[in-house]
Amino acid sequence: MKKYLVEITETSQRQVTVTAETRDEAEQKVRQKYRDEDIVLDERDYIDTDFHVIKERSIDKER
């Protein structure tokens, strides 16, 4: 018997329109809105889930 450490990664995505003078300013505005929780991703923004075994270990049978 073995124990496995499995990593689960969920991907969410949303497109947001913002008015700004430059690309950098637009990104910073959206980052700030995200940090301030004005933008909160939820189940409607879900795209995919990945599973990866990242570690395996043999275990002794319990006596």
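Just so it is clear, the model here is predicted, and its values are computed rather than measured. (Residues numbered from 1 in each chain as written. Predicted model: local features only at pLDDT ≥ 70, side-chain atom pairs only at ≥ 80, totals over all residues. Heavy atoms only, no water.)

**Q** Help me understand a nonpolar patch on the surface in this model?
**A** Among the surface-exposed residues, Y4, V6, I8, F51 and V53 lie close enough to one another that they form a single nonpolar patch of about 530 Å² accessible area. Elements with a contribution of two residues or more to the nonpolar patch: β1 (2-12) and β2 (46-58). Ranked by residue count, the leading element in the nonpolar patch is β1, at three residues. Note that V53 resides in strand β2. (Patch = residues over 30% accessible without salt bridge, like charges linked within 9 Å, V, L, I, M, F, W, Y side chains within 5 Å. Areas by Shrake-Rupley, 256 points an atom, 1.4 Å probe, with all protein chains shown as cover. Salt bridge = Lys/Arg side-chain N within 4 Å of Asp/Glu carboxyl O. Helix = DSSP H or I, 4+ residues; strand = E, 2+ residues; numbered from the N terminus.)

**Q** In this structure, what is going on with unusual backbone geometry? I would like to understand it.
**A** As a rule of thumb, non-glycine residues mostly have phi less than zero, and peptide bonds are mostly trans rather than cis. Not every positive phi belongs to a glycine, and E37 is a case in point at roughly 65°. Within the fold, E37 resides in the loop between α1 (23-35) and β2. Residue classification places E37 among the exposed positions, given a relative accessible area of 62%. (Buried < 20%, exposed > 50% of the residue type's maximum accessible area, 1.4 Å probe, protein only.)

It is worth stressing that arrangement in space is one thing and function is another; only the former is reported here.
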